[in-house]
Amino acid sequence: MNNRTWKIELGTGSPLILILTRKDSQPLNIIEWKKTLAKFYDKANFLIIDVAEKFLQENGDKNFTIKELAYFLYKYLLKNNIQPHIIWGFSMGGMICQELIGYREFQKTPLLLISTNLYATKKLQAIFSTWYLSLKYGTINDFYKVFYPWIISATNLPLFSIKKYNVNKIDNFGIKKLLYCIKAVSNHNACDTIKKASNKILILFGKNSTLLNQEEANIFIKYIPNAKIYFVENAGMRIMNNLDNKTINLINNYINEVTK
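An account of the accompanying structure is given in this report. (Residues numbered from 1 in each chain as written. Predicted model: local features only at pLDDT ≥ 70, side-chain atom pairs only at ≥ 80, totals over all residues. Heavy atoms only, no water.)

## Section: the overall build of the chain
Here's step 1: In terms of helices and strands, the chain carries 10 helices and 7 strands.
Here's step 2: Its C-alpha atoms put the chain at 50 × 40 × 35 Å along the principal axes.
Here's step 3: By residue count, 53% of the 260 residues in the chain fall in the buried class.
Here's step 4: Taking contacts inside the chain between residues at least 6 apart in sequence as the whole, the part at least 24 apart equals 76%.
Here's step 5: Considering the chain, the positive charge centre built from 34 side chains and the negative charge centre built from 19 side chains are found 1 Å apart. (Helix = DSSP H or I, 4+ residues; strand = E, 2+ residues; numbered from the N terminus. Buried < 20%, exposed > 50% of the residue type's maximum accessible area, 1.4 Å probe, protein only. Contact = heavy atoms within 4.5 Å. Lys, Arg positive; Asp, Glu negative; His and termini not counted. Charge placed at Lys NZ, Arg CZ, Asp CG, Glu CD.)

Below you can see the structure in the form of C-alpha coordinates.
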(Lines give C-alpha, C1' and ligand atoms only; values in the text may rest on other atoms or scores of the structure.)
Protein backbone atom coordinates (compact mmCIF):
# COMPACT_ATOMS: atom_id res chain seq x y z
CA MET A 1 0.00 0.00 0.00
CA ASN A 2 3.03 2.29 -0.38
CA ASN A 3 1.30 4.16 -3.21
CA ARG A 4 -1.20 5.74 -0.81
CA THR A 5 -0.63 9.45 -0.24
CA TRP A 6 0.74 10.31 3.22
CA LYS A 7 2.18 13.80 2.58
CA ILE A 8 0.89 16.93 0.80
CA GLU A 9 2.42 20.39 0.40
CA LEU A 10 0.10 23.38 -0.15
CA GLY A 11 0.03 27.12 0.30
CA THR A 12 1.73 30.19 -1.08
CA GLY A 13 3.05 31.85 2.09
CA SER A 14 6.52 31.71 3.59
CA PRO A 15 6.19 30.42 7.19
CA LEU A 16 6.22 26.63 7.38
CA ILE A 17 3.21 25.15 9.16
CA LEU A 18 3.29 21.42 9.83
CA ILE A 19 -0.20 19.90 9.85
CA LEU A 20 -0.79 16.54 11.53
CA THR A 21 -4.04 14.94 10.46
CA ARG A 22 -6.86 13.18 12.27
CA LYS A 23 -7.26 9.41 12.30
CA ASP A 24 -8.63 8.28 8.95
CA SER A 25 -8.97 5.04 7.01
CA GLN A 26 -8.37 6.92 3.76
CA PRO A 27 -5.09 8.34 2.41
CA LEU A 28 -4.65 12.10 2.23
CA ASN A 29 -6.89 13.86 -0.26
CA ILE A 30 -5.53 17.06 -1.82
CA ILE A 31 -9.00 18.32 -2.78
CA GLU A 32 -10.20 18.02 0.81
CA TRP A 33 -7.16 19.86 2.16
CA LYS A 34 -7.35 22.65 -0.40
CA LYS A 35 -10.90 23.22 0.77
CA THR A 36 -9.94 23.00 4.46
CA LEU A 37 -7.13 25.53 4.11
CA ALA A 38 -8.79 27.81 1.56
CA LYS A 39 -9.08 30.74 3.99
CA PHE A 40 -5.41 30.45 5.00
CA TYR A 41 -3.79 29.48 1.71
CA ASP A 42 -1.69 32.64 1.36
CA LYS A 43 -0.58 32.66 5.00
CA ALA A 44 1.95 29.84 4.93
CA ASN A 45 3.54 26.86 3.27
CA PHE A 46 1.62 23.90 4.67
CA LEU A 47 3.27 20.50 5.05
CA ILE A 48 0.46 18.02 5.74
CA ILE A 49 1.45 14.61 7.11
CA ASP A 50 -0.62 11.55 8.00
CA VAL A 51 1.82 10.07 10.50
CA ALA A 52 -0.08 6.81 11.02
CA GLU A 53 -0.21 6.21 7.26
CA LYS A 54 3.54 6.68 6.87
CA PHE A 55 4.30 4.65 10.00
CA LEU A 56 2.34 1.63 8.74
CA GLN A 57 3.83 1.90 5.25
CA GLU A 58 7.32 1.69 6.73
CA ASN A 59 6.73 -0.69 9.65
CA GLY A 60 4.08 -3.04 8.35
CA ASP A 61 0.98 -4.38 10.04
CA LYS A 62 1.42 -3.54 13.74
CA ASN A 63 -0.15 -1.64 16.60
CA PHE A 64 1.29 1.69 17.67
CA THR A 65 0.88 4.26 20.42
CA ILE A 66 0.67 8.04 20.13
CA LYS A 67 4.14 8.26 21.73
CA GLU A 68 5.52 5.92 19.06
CA LEU A 69 3.98 8.00 16.28
CA ALA A 70 5.46 11.15 17.79
CA TYR A 71 8.93 9.58 17.98
CA PHE A 72 8.60 8.33 14.40
CA LEU A 73 7.68 11.85 13.28
CA TYR A 74 10.47 13.36 15.39
CA LYS A 75 13.09 11.24 13.60
CA TYR A 76 11.58 12.12 10.22
CA LEU A 77 11.67 15.85 10.93
CA LEU A 78 15.26 15.75 12.13
CA LYS A 79 16.42 13.60 9.23
CA ASN A 80 14.87 16.00 6.73
CA ASN A 81 15.89 19.15 8.62
CA ILE A 82 12.28 20.31 9.02
CA GLN A 83 11.71 22.97 11.67
CA PRO A 84 8.15 24.33 11.37
CA HIS A 85 7.09 27.74 12.65
CA ILE A 86 3.78 26.24 13.87
CA ILE A 87 2.52 22.69 14.37
CA TRP A 88 -1.20 22.41 13.67
CA GLY A 89 -2.81 19.19 14.89
CA PHE A 90 -6.27 17.87 14.13
CA SER A 91 -7.81 15.38 16.58
CA MET A 92 -5.29 12.51 16.75
CA GLY A 93 -2.77 14.80 15.10
CA GLY A 94 -3.22 17.13 18.08
CA MET A 95 -2.31 14.26 20.39
CA ILE A 96 0.86 13.63 18.40
CA CYS A 97 1.66 17.36 18.76
CA GLN A 98 1.40 17.03 22.53
CA GLU A 99 3.98 14.24 22.58
CA LEU A 100 6.25 15.84 19.97
CA ILE A 101 6.88 18.89 22.12
CA GLY A 102 8.42 16.58 24.69
CA TYR A 103 11.52 16.68 22.49
CA ARG A 104 13.82 19.62 23.12
CA GLU A 105 13.89 20.73 19.48
CA PHE A 106 10.13 21.38 19.48
CA GLN A 107 9.37 22.54 23.01
CA LYS A 108 9.16 26.17 21.89
CA THR A 109 7.25 25.53 18.67
CA PRO A 110 3.77 27.14 18.81
CA LEU A 111 0.84 24.74 18.59
CA LEU A 112 -2.61 25.10 17.09
CA LEU A 113 -4.78 22.21 18.29
CA ILE A 114 -8.17 21.37 16.81
CA SER A 115 -10.75 19.14 18.54
CA THR A 116 -8.32 17.09 20.59
CA ASN A 117 -7.84 15.89 24.17
CA LEU A 118 -4.92 15.73 26.58
CA TYR A 119 -5.76 12.24 27.79
CA ALA A 120 -8.46 9.66 27.26
CA THR A 121 -10.95 9.94 30.10
CA LYS A 122 -13.13 6.98 31.03
CA LYS A 123 -15.93 8.57 29.01
CA LEU A 124 -13.72 8.80 25.92
CA GLN A 125 -12.36 5.29 26.41
CA ALA A 126 -15.90 3.91 26.53
CA ILE A 127 -16.80 5.74 23.30
CA PHE A 128 -13.58 4.71 21.53
CA SER A 129 -14.10 1.10 22.62
CA THR A 130 -17.57 1.14 21.03
CA TRP A 131 -16.07 2.49 17.80
CA TYR A 132 -13.38 -0.18 17.81
CA LEU A 133 -15.72 -3.12 18.44
CA SER A 134 -18.30 -1.97 15.89
CA LEU A 135 -15.59 -1.76 13.22
CA LYS A 136 -13.75 -4.95 14.16
CA TYR A 137 -16.82 -7.17 14.46
CA GLY A 138 -19.40 -5.36 12.30
CA THR A 139 -19.57 -3.69 8.93
CA ILE A 140 -18.22 -0.28 7.99
CA ASN A 141 -21.81 0.98 8.07
CA ASP A 142 -22.17 -0.34 11.62
CA PHE A 143 -19.10 1.70 12.53
CA TYR A 144 -20.42 4.92 11.05
CA LYS A 145 -23.73 4.52 12.86
CA VAL A 146 -21.92 4.81 16.20
CA PHE A 147 -19.20 7.18 14.97
CA TYR A 148 -21.06 10.02 13.26
CA PRO A 149 -23.24 11.10 16.21
CA TRP A 150 -20.04 11.98 18.06
CA ILE A 151 -18.44 14.14 15.35
CA ILE A 152 -21.36 16.16 13.98
CA SER A 153 -22.96 19.15 15.67
CA ALA A 154 -25.29 18.38 18.56
CA THR A 155 -28.02 20.24 16.70
CA ASN A 156 -28.01 17.58 13.94
CA LEU A 157 -27.97 14.36 15.92
CA PRO A 158 -29.58 11.37 14.13
CA LEU A 159 -31.51 10.27 17.21
CA PHE A 160 -33.60 7.08 17.12
CA SER A 161 -33.08 6.66 13.42
CA ILE A 162 -31.11 4.32 11.19
CA LYS A 163 -29.30 5.96 8.36
CA LYS A 164 -27.26 4.33 5.62
CA TYR A 165 -24.13 6.37 5.24
CA ASN A 166 -22.50 6.97 1.89
CA VAL A 167 -18.87 6.23 2.64
CA ASN A 168 -15.89 5.72 0.41
CA LYS A 169 -14.90 2.12 -0.13
CA ILE A 170 -12.38 1.12 2.52
CA ASP A 171 -9.84 -1.59 1.83
CA ASN A 172 -8.35 -3.92 4.44
CA PHE A 173 -5.35 -1.65 4.94
CA GLY A 174 -7.64 1.28 5.69
CA ILE A 175 -9.73 -0.70 8.17
CA LYS A 176 -6.63 -1.96 10.01
CA LYS A 177 -5.19 1.55 10.08
CA LEU A 178 -8.41 2.92 11.58
CA LEU A 179 -8.50 0.16 14.21
CA TYR A 180 -4.90 0.87 15.21
CA CYS A 181 -5.65 4.59 15.42
CA ILE A 182 -8.71 4.09 17.63
CA LYS A 183 -6.74 1.87 19.99
CA ALA A 184 -3.91 4.42 20.11
CA VAL A 185 -6.15 7.37 21.02
CA SER A 186 -7.87 5.21 23.65
CA ASN A 187 -4.59 4.98 25.55
CA HIS A 188 -3.38 8.54 24.99
CA ASN A 189 -2.09 10.47 27.99
CA ALA A 190 0.25 13.44 27.51
CA CYS A 191 -0.22 15.08 30.92
CA ASP A 192 3.45 14.70 31.84
CA THR A 193 4.79 15.67 28.43
CA ILE A 194 2.69 18.81 28.04
CA LYS A 195 4.32 20.27 31.16
CA LYS A 196 7.55 20.60 29.17
CA ALA A 197 5.93 23.02 26.74
CA SER A 198 7.30 26.56 26.73
CA ASN A 199 5.39 27.63 23.65
CA LYS A 200 2.22 29.49 22.72
CA ILE A 201 -0.77 27.17 22.36
CA LEU A 202 -4.18 27.87 20.83
CA ILE A 203 -6.84 25.17 21.22
CA LEU A 204 -10.15 25.18 19.34
CA PHE A 205 -13.23 23.12 20.18
CA GLY A 206 -16.62 22.99 18.52
CA LYS A 207 -19.19 24.57 20.82
CA ASN A 208 -21.77 21.97 19.74
CA SER A 209 -19.44 18.97 19.92
CA THR A 210 -20.89 16.01 21.80
CA LEU A 211 -17.48 14.32 22.11
CA LEU A 212 -15.08 17.04 23.25
CA ASN A 213 -16.39 20.02 25.19
CA GLN A 214 -15.82 22.00 28.39
CA GLU A 215 -14.73 18.91 30.33
CA GLU A 216 -11.81 18.34 27.95
CA ALA A 217 -11.03 22.07 27.84
CA ASN A 218 -10.78 22.15 31.65
CA ILE A 219 -8.15 19.42 31.56
CA PHE A 220 -5.98 21.52 29.26
CA ILE A 221 -6.52 24.54 31.52
CA LYS A 222 -5.33 22.51 34.52
CA TYR A 223 -2.06 21.43 32.90
CA ILE A 224 -1.31 24.39 30.61
CA PRO A 225 -3.13 27.39 32.10
CA ASN A 226 -1.47 29.81 29.67
CA ALA A 227 -3.04 28.10 26.64
CA LYS A 228 -5.75 30.07 24.85
CA ILE A 229 -8.96 28.08 24.38
CA TYR A 230 -11.78 29.06 22.05
CA PHE A 231 -15.13 27.45 21.27
CA VAL A 232 -16.32 27.73 17.66
CA GLU A 233 -20.01 28.56 17.34
CA ASN A 234 -22.34 26.07 15.58
CA ALA A 235 -19.56 23.49 15.16
CA GLY A 236 -19.13 19.87 16.16
CA MET A 237 -15.82 18.00 16.00
CA ARG A 238 -15.10 18.96 12.39
CA ILE A 239 -14.89 22.67 13.09
CA MET A 240 -13.08 23.51 9.84
CA ASN A 241 -16.38 22.83 8.07
CA ASN A 242 -18.11 25.54 10.12
CA LEU A 243 -15.67 28.42 10.32
CA ASP A 244 -17.18 31.84 10.84
CA ASN A 245 -15.30 35.07 10.19
CA LYS A 246 -14.46 35.46 13.87
CA THR A 247 -12.70 32.08 13.96
CA ILE A 248 -10.95 32.68 10.63
CA ASN A 249 -9.61 35.97 11.97
CA LEU A 250 -8.57 34.30 15.23
CA ILE A 251 -6.51 31.69 13.37
CA ASN A 252 -5.01 34.24 10.98
CA ASN A 253 -4.08 36.55 13.85
CA TYR A 254 -2.46 33.65 15.72
CA ILE A 255 -0.41 32.71 12.65
CA ASN A 256 0.68 36.32 12.24
CA GLU A 257 1.51 36.67 15.95
CA VAL A 258 3.75 33.61 16.29
CA THR A 259 5.51 33.88 12.93
CA LYS A 260 6.36 37.59 12.92
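## Section: empty space enclosed by the protein
Here's step 1: According to the stated counting rule, one finds 2 cavities of 30 Å³ or more in the structure shown.
Here's step 2: As for the largest cavity, its lining consists of Thr 21, Arg 22, Asp 24, Gln 26, Pro 27, Leu 28, Asn 29, Glu 32, Trp 33 and Asp 50.
Here's step 3: Within the lining of the largest cavity, the residues separate by chemical class into 3 nonpolar, 3 polar and 4 charged.
Here's step 4: For the second largest cavity, the calculated volume is near 40 Å³.
Here's step 5: Lining the second largest cavity are Trp 6, Ile 49, Val 51, Lys 54, Phe 72, Leu 73 and Tyr 76.
Here's step 6: It is helix H3 (residues 66–79) that provides the largest number of residues to the lining of the second largest cavity, a total of 3 residues.
Here's step 7: Residue composition of the lining of the second largest cavity, by class: 6 nonpolar, no polar and 1 charged. (1 Å grid on protein atoms, 1.4 Å probe; cavity = no way out; pocket = protein on both sides within 12 Å on 5 of 7 lines; lining within 4 Å. Points joined across faces, edges and corners; volume = space filled by probe spheres on them. Nonpolar A, V, L, I, M, F, W, Y, C, P; charged D, E, K, R; others polar.)

## Re the side chain of Asn 199
Here's step 1: In this fold, Asn 199 is placed in the loop between helix H8 (191–194) and strand E6 (201–206).
Here's step 2: Residue Asn 199 is classed as buried on the basis of its relative accessible area, which comes to 15%.
Here's step 3: Of note is the side chain of Asn 199, whose polar atom sits 2.5 Å from the backbone oxygen of Thr 109. (Polar contact = N/O pair within 3.5 Å; in protein donor to acceptor, adjacent residues only side chain to side chain.)

## Remarks on the nonpolar core
Here's step 1: Judged by nonpolar contacts, the single largest core of 64 residues is most densely connected at Leu 20, Ile 49, Phe 64, Leu 73 and Ile 96.
Here's step 2: If sequence neighbours within four positions are ignored, Leu 20 has contacts with Ile 49, Val 51, Leu 73, Ile 87, Trp 88, Gly 89, Phe 90, Gly 93, Ile 96 and Cys 97.
Here's step 3: Ranked by size, the runner-up nonpolar core spans 29 residues in total, among them Leu 28, Trp 33, Ile 48 and Tyr 254. (Core = buried A, V, L, I, M, F, W, Y, C linked by side-chain atoms within 4.5 Å.)

## Concerning the environment of Ile 48
Here's step 1: As for its placement among the helices and strands, Ile 48 is situated in strand E3 (residues 45–49).
Here's step 2: Taking the C-alpha atoms as reference, Ile 48 lies 8.4 Å from Ile 17; in sequence the two are 31 residues apart.
Here's step 3: Apart from the residues within four sequence positions on either side, Ile 48 is in contact with Trp 6, Lys 7, Ile 8, Leu 10, Ile 19, Thr 21, Leu 28, Trp 33 and Leu 37.

## Points about the pairing of strand E1 (residues 7–10)
A regular strand carries its side chains on alternate faces of the sheet.
Here's step 1: Burial along E1 is one-sided: the residues Ile 8 and Leu 10 are buried and none of Lys 7 and Glu 9 is.
Here's step 2: Sheet topology note: the E1/E3 ladder contains 4 bridges and is antiparallel. Each residue of the ladder has a partner; that of Glu 9, found in E3, is Leu 47. (Pairing = 2+ DSSP bridges.)

## Here we look at helix H9 (residues 214–223)
Here's step 1: The complete set of buried residues in H9 reads Glu 216, Ala 217, Ile 219 and Phe 220. Seen end-on, H9 carries its buried residues on one side only, within an arc spanning 155°.
Here's step 2: The elements touched by buried residues of H9 are helix H4 (92–100), strand E5 (111–114), helix H5 (122–137), E6 and strand E7 (228–232). (Arc of directions from axis to C-beta.)

## Quick notes on the sheet that holds strand E4 (residues 86–90)
Here's step 1: If you walk across this open sheet you meet the 7 strands as E1-E3-E2-E4-E5-E6-E7, and the pairing is mixed. Lying at the two open borders of the sheet, with one neighbouring strand each, are E1 and E7. Mean inter-strand twist for the sheet, computed between neighbouring axes without regard to direction, equals 15°.
Here's step 2: Where H4 meets the sheet, its contacts fall on strand E2 (16–20), E4 and E5, and the angle it forms with E4 comes to roughly 140°.
Here's step 3: In the packing of H9 onto the sheet, contacts are made with E5, E6 and E7, and the angle to E7 comes to roughly 170°. (Axes fitted to C-alpha atoms, helices over the stretch in contact; angles between N-to-C directions.)

## Side note on the pairing of E6
Here's step 1: The element E6 is extensively covered by neighbouring structure, given that 6 of its 6 residues are classed as buried.
Here's step 2: Strand direction decides the pairing type here: E5 and E6, joined by 4 bridges, are parallel. When the bridges of E6 are listed, Ile 114 appears paired with Leu 204.
Here's step 3: Pairing analysis gives 5 bridges linking E6 to E7, with the strands arranged parallel. Paired with Ile 203 across the bridge in E7 is Ile 229.
Here's step 4: With H9 bridging E6 and its parallel neighbour E7, the resulting β-α-β unit is right-handed. (Right-handed = clockwise from strand over helix to strand, strands pointing away.)

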